[in-house]
There are 2 protein chains.
Amino acid sequence: MSAKTKPLQKAAVVGAGVIGAGWAARLLWNGVAVTVFDPAPDAARKTREVCAAADIAMEKLTSAPAPKRGALSFAKTAAEAAAGAEWIIESVPENLARKQSAYSEMEKTAEEGALISSSTSGILPSQLQKEMRFPGRMLVAHPFNPVYLLPLVEIVCGEKTDAKEAERAAEYCRFLGMRPLLVRGETPAFIADRILESAWREALWLVKEGAATTAEIDDAIRYGFGIRWAQMGMFETYRAGGGEGGMRQFLAQFAPALKWDWSKLTNTPEMDGELIERIAKQSDEQSGGMSARELERIRDGNLAAVLRALRARDCAAGKTLAEYEKRLHYSAPAQTPGANALVPTLSRTVLEEWTDHNGHMNESRYLECFSEASDELMRLIGADFCYIRGGHSYFTAETHICHSDEARAGERVCANTQVLSAGKKLHLFHRLYSEENGKPARPLATGEHLLLHVDMQTRRACEPSAEVLQKGTALADGHARLPRPAESGRKVGDKPEKKKTSESKNKNNRGD
Amino acid sequence: MSAKTKPLQKAAVVGAGVIGAGWAARLLWNGVAVTVFDPAPDAARKTREVCAAADIAMEKLTSAPAPKRGALSFAKTAAEAAAGAEWIIESVPENLARKQSAYSEMEKTAEEGALISSSTSGILPSQLQKEMRFPGRMLVAHPFNPVYLLPLVEIVCGEKTDAKEAERAAEYCRFLGMRPLLVRGETPAFIADRILESAWREALWLVKEGAATTAEIDDAIRYGFGIRWAQMGMFETYRAGGGEGGMRQFLAQFAPALKWDWSKLTNTPEMDGELIERIAKQSDEQSGGMSARELERIRDGNLAAVLRALRARDCAAGKTLAEYEKRLHYSAPAQTPGANALVPTLSRTVLEEWTDHNGHMNESRYLECFSEASDELMRLIGADFCYIRGGHSYFTAETHICHSDEARAGERVCANTQVLSAGKKLHLFHRLYSEENGKPARPLATGEHLLLHVDMQTRRACEPSAEVLQKGTALADGHARLPRPAESGRKVGDKPEKKKTSESKNKNNRGD
């Protein structure tokens, strides 16, 4: 597909429940005109609500330029909706007869070249297409709620489906930012819902037995393996966790557990040599390009990124992490730094996800590093988490960053800080370096920052506490004996005063 | 637990496979001394490798101050390891006899007050503790791989376990940044592994039937419901997706599916009124404080955040998103902006996760906004993704940000851009505002940026293409007729030239 083509102009959605309306929202966001039919009296309202939710979600998901929204209209019958559409999506309730009658309606007006898909979670396409006049253009395209956010679509062909229609459906899905998964045969519930259904049935047993409540089951998922499954499925996860023995060893080790009473699914496949071989071979094909160590590294990086994303939202496992970090902050030793030397305020790794399209750490992450360095300096002068909770903090008023070199993912960086002045205004100068053997090496950037001490209630400037003032001033007095940084007091575009040395030897007396 | 206490000084780990070594790594990172016993000859090497992986992962997870690492030592027997430990963790293979013999060894030297826990995935604690001399201090604490990252620990008491030991184990877990889940009774495989085991058995059937390969099953999980399960479990997800009818309607609607052949788990509980009522009531308790709309909003925000985290890593569903965004960028209309007016370069929502401990958008996110605005300006002058892929780009050399107001999560913000000069050096001035009715309202910050045109191979400055030069210069020439921004050409701490107006009327001729 070329970058500029728009393979799809007009679609129809028949059945506008959560799934149908989700399809409509995804199509509209991508600039496709959609006609919806649903007999429910409030279908238009509900569809518009889902579209509004999708707009909000897409704003959160991406800052890529949004296409011009498609036009939304409502039809009075499935036949009316289907007329003129290139793709007709059926999302009526899971009932074979109702679905078949919807197709019969659609086929009255559908253009010859129109694709017809069902969103069914598990009814076989061969059954669905049985009575159709043109079954060749019918298949299952099974999405996952919320359709406007989750990428997976299972594409399942029936006996009569024309193979090229599957490729066409996949192309439509890719155009919508989705991930088509071509299912290789017709099995009730396909792939994902086979897994989901068994997990659901097991969960119902847990509730019925009184072994766990719904909340406990949900927590058992989202604080544990659910986080793994957001980025690797079960086979690759087990391979990564299986250590050096690989999948064969893992399977051999856990085969006996298939006979234990660890699940209500007691009809288990015989874990014979053939099945072990098949799984091991498929797993080799899937992940064999990487060692267990590499898989582990990727998994850990992903898990950390997902956990940090949730922490920033203070949700689920992210809440646990946020509380933990608070404790780490509170219990970190609060030694006062020596006043005559630069204060080490940062030592960390550049994350893979900080890389931008230029192949280096994005500029905003330099400021993230400096922001962390400022937080650490604040902590050291007593303006820590407790202080902020007590109603006071420093807010940044101005920032000046001078870049001198690039930083790459995986590289260790460190920063030290010179306090240029302290008090109601806190004037900081950070230097960011690559770190080698725990020491600053290649200079990467400098950050000059002016912070104002504020009352968190009024959000206005005020004097800091005596302790914060005293500790800050002690540092500023000590650091006044150090050379004034050449990059400080400069405006954008100024050349450094001396090319060869990064420090000005003349103490600059500019008051802050 | 008070903020500064350290409830645990010394632990023992008996059995250092993936789980035992993971425990050791988590304990050590948190400053706890750990003695490990494992009879395998390479146990020490493997443990150290897991600890090294954990160190890397923790660096990626958090920038909170790390405690001083605990000391790691190795013992020659389980008894030697157990001596002096406050918490003795058994992680030997899933074999009742082997586990019991490990406890018998431990109890030879364990201190009277020591807690003994098993990491078993499913053997009942009542069985495990049966032969122990002091079974009251024994329970199951079941973690999830990788133990150093995933927070969940299932705490399960046996018949003889002293109830206060469960609270103690939970406190230890919380100290380690984990999320203890007290399991209410003894069921084989507890909660999480009941779900996992049924899903695993179903997946084995899928492979055996030839319905899907391991890679396809993994994709069916990680591009779809796996992302949901990273933040909500199945009950709350279904409630959020169930729409206005709530859990009762959802259950009634999907009860018939329990009889369908959608899973090999055909022994399903009767979905009678009592079970529906129980689930609906538990779900109300769990999520009833929020409407379906609110749950949906939280879910969508979480999903978007997880997807963005994965996109930044170019992994799993994040890869799909990255490809999609590339297409959106390529296919966005490339109209050239009028040269006589400021160029709109940003319009977006402040994400919840951009909020810092001061309760407003963190400073680094201001630069993220400006970075996005610079990218858009670059796109408009022809220095777009294609241009970068062709081997040239602009790198930021200097940045000066002046803050004038706070931005809050959920607020819409927008930016416009004045090109102060163009060419090999691109001098941009962004103004960030809160957005109201699609128009700039309250000024939030300004960003002055100096970018250098570079050759992506040599990473050195070079001249831009004729098209980029021409388009950039046209904008700069047009914008030279606009007032020079008062905040440009300023150094940190300078007062704006005029207090009442944010623009200087005198055109500043400073060359760039």
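Residues numbered from 1 in each chain as written. Chains lettered and ligands numbered in written order. Predicted model: local features only at pLDDT ≥ 70, side-chain atom pairs only at ≥ 80, totals over all residues.

A.B. asks: Teacher, can you tell me more about the overall build of chain A here?
C.D. replies: The secondary structure content of chain A amounts to 16 helices and 16 strands. Expected size for 512 residues packed as a compact globule is a radius of gyration near 24 Å; at 30 Å, chain A overshoots this value by more than 25%. Expressed along its principal axes, the backbone C-alpha trace of chain A runs to roughly 90 × 55 × 45 Å. Long-range contacts, defined as pairs at least 24 residues apart, comprise 67% of the intrachain contacts of chain A with a sequence gap of at least 6. (Helix = DSSP H or I, 4+ residues; strand = E, 2+ residues; numbered from the N terminus. Rg over C-alpha atoms; globule rule 2.2 N^0.38 Å. Contact = placed C-beta atoms within 7 Å.)

A.B. asks: So what exactly am I meant to see when it comes to the interface of chain B and chain A here?
C.D. replies: Quite often, the size of an interface is put as the accessible area lost when its parts meet. Each partner contributes residues to the interface: chain B has 156 residues there, and chain A has 156 residues. A breakdown of the residues in the side of chain B that touches chain A according to their chemical character gives 75 nonpolar, 40 polar and 41 charged. Taken together, the five bridges between strand β10 (residues 392–403) of chain A and strand β10 (residues 392–403) of chain B define a ladder with antiparallel strand orientation. Residue C402(A) lies in a different strand from β10(B), and its bridge partner there is E398(B). (Nonpolar A, V, L, I, M, F, W, Y, C, P; charged D, E, K, R; others polar. Pairing = 2+ DSSP bridges.)

A.B. asks: Where do I start with the relation of the copies chain B and chain A in this structure?
C.D. replies: One copy of the chain maps onto the other through a rotation about an axis followed by a shift along the same axis. If you rotate chain B by 180 degrees and push it 0.0 Å along the axis, it lands on chain A with an RMSD of 0.1 Å. Within this description, the copies of the chain are treated as partners about a two-fold rotation axis. Comparing contact sets, 99% of the residues at the interface of chain B also lie at the interface in chain A, consistent with an isologous, same-surface contact. (Least-squares fit on C-alpha atoms with pLDDT ≥ 70 in both.)

A.B. asks: How do you make sense of the sheet that holds strand β7 (residues 152–157) of chain A when you look at a structure like this?
C.D. replies: Strand-to-strand pairing in sheets goes through backbone hydrogen bonds, with the strands running parallel or antiparallel. Residue and element names in this part refer to chain A. Pairing in this open sheet of eight strands is mixed, and the strands run β3-β2-β1-β4-β5-β6-β7-β8 from one edge to the other. Lying at the two open borders of the sheet, with one neighbouring strand each, are β3 (72–74) and β8 (179–182). Going across the sheet, the axis of each strand differs from the next one's by a mean of 25 degrees, ignoring polarity. Two elements, strand β1 (residues 10–14) and strand β2 (residues 33–37), share five bridges in a ladder whose sense is parallel. By the bridge assignment, K10 is partnered in β2 with A33. (Axes fitted to C-alpha atoms, helices over the stretch in contact; angles between N-to-C directions.)

A.B. asks: Quick question: what am I supposed to make of the environment of A312(A) here?
C.D. replies: Turning to its location among the elements, A312(A) is positioned in helix α12 (residues 292–312). Residues A312(A) and L444(A) lie 132 residues apart in sequence; the distance between their C-alpha atoms is 27 Å. Each residue touching A312(A), except ones within four places of it in the same chain, is listed here: G318(A), A305(B) and E353(B).

A.B. asks: Looking at this structure, how should I read the sheet that holds strand β2 (residues 33–37) of chain B?
C.D. replies: Residue and element names in this part refer to chain B. Ordered by their spatial adjacency, eight strands build an open sheet running β3-β2-β1-β4-β5-β6-β7-β8, and the pairing between neighbours is mixed. Two strands in the sheet have a free side with no partner beyond their single neighbour: β3 (72–74) and β8 (179–182). Within this sheet the neighbouring strands show an average axis-to-axis angle of 25 degrees, counted without direction. Here four bridges tie strand β4 (residues 87–90) to strand β5 (residues 115–118), and the two strands are oriented parallel to one another.

A.B. asks: Even after reading the chapter, I still don't get helix α13 (residues 316–331) of chain B, so can you show me in this structure?
C.D. replies: In an α-helix, one turn spans 3.6 residues, which is why side chains three or four residues apart end up on the same side. In a regular helix each residue adds 1.5 Å, so 16 residues correspond to 22 Å; α13(B) covers 24 Å between its end C-alpha atoms and thus fits that length. All of the buried residues along α13(B) are A316(B), A317(B), G318(B), T320(B), L321(B) and Y324(B). Buried residues belonging to α13(B) abut β8 of chain A together with α8 (214–229) and α12 (292–312) of chain B. (Expected span 1.5 Å × (residues − 1). Buried ≥ 20, exposed ≤ 12 C-beta atoms within 10 Å, placed from the backbone.)

A.B. asks: Sorry if this is basic, but what is going on with the packing of α8(B) against α13(B) here?
C.D. replies: For any two helices packed against each other, one specifies the inter-axial angle together with the distance between the axes. Residue and element names in this part refer to chain B. The interhelical angle for the contact between α8 and α13, taken along N-to-C directions, is 110 degrees, at an axis separation of 8 Å. It follows that α8 is roughly perpendicular to α13 by the angle criterion. Every pair of crossing elements has a handedness; the one defined by α8 and α13 is left-handed. Residues R222, Y223 and I227 of α8 form the contact with α13, whose participating residues are A316, A317 and T320. Along the lines of polarity and charge, the residues of the contact of α8 with α13 split into four nonpolar, one polar and one charged. (Parallel < 35°, antiparallel > 145°, perpendicular 65-115°, else oblique. Left-handed = near helix turned anticlockwise from the far one by under 90°.)

A.B. asks: So what exactly am I meant to see when it comes to the domain arrangement of chain A here?
C.D. replies: Segmenting chain A into domains produces domain 1 (10–190), domain 2 (193–303) and domain 3 (335–504). For domain 2 of chain A and domain 3 of chain A, the distance between their C-alpha centroids amounts to 46 Å. (Domains from an automatic or database assignment.)

A.B. asks: Explanation requested: the confidence of the model for chain A in the structure shown.
C.D. replies: Residues and elements named next belong to chain A. Per-residue pLDDT for chain A has a mean of 92; in total, 95% of the residues score no lower than 70. Per-residue pLDDT stays below 50 along residues 498–512; that stretch engages in 20 contacts with residues further than four places along the chain or on separate chains. Predicted complex metrics record ipTM = 0.91 and pTM = 0.91. (pLDDT = per-residue confidence, 0-100.)

A.B. asks: It is not clear to me how the pairing of β1(A) should be interpreted in this structure. Could you clarify?
C.D. replies: A regular strand carries its side chains on alternate faces of the sheet. Residue and element names in this part refer to chain A. The element β1 is extensively covered by neighbouring structure, given that four of its five residues are classed as buried. Handedness of the crossover joining β1 and β2 through helix α1 (residues 18–29) is recorded here as right-handed. Summarising the sheet, β1 and strand β4 (residues 87–90) pair through four bridges and their orientation is parallel. Directly across from A12, in β4, lies its bridge partner I88. (Right-handed = clockwise from strand over helix to strand, strands pointing away.)

A.B. asks: Please explain the pairing of β4(A) as it appears in this structure.
C.D. replies: In β4(A), alternate side chains face the same way, and those of W87(A) and I89(A) on one face and I88(A) and E90(A) on the other are all buried. For the crossover from β4(A) across helix α4 (residues 96–109) of chain A to strand β5 (residues 115–118) of chain A, the handedness is right-handed.

A.B. asks: How should I be thinking about the environment of M361(A) in this particular structure?
C.D. replies: Residues and elements named next belong to chain A. Tracing the sequence through the fold places M361 in the loop between β9 (343–349) and α14 (363–380). Put simply, M361 and E406 are 45 residues apart on the chain and 7.0 Å apart in space, counted from C-alpha to C-alpha. Non-local contacts of M361, meaning those with residues more than four positions away in its chain, are made with V350, W354, T355, Y366 and A407.

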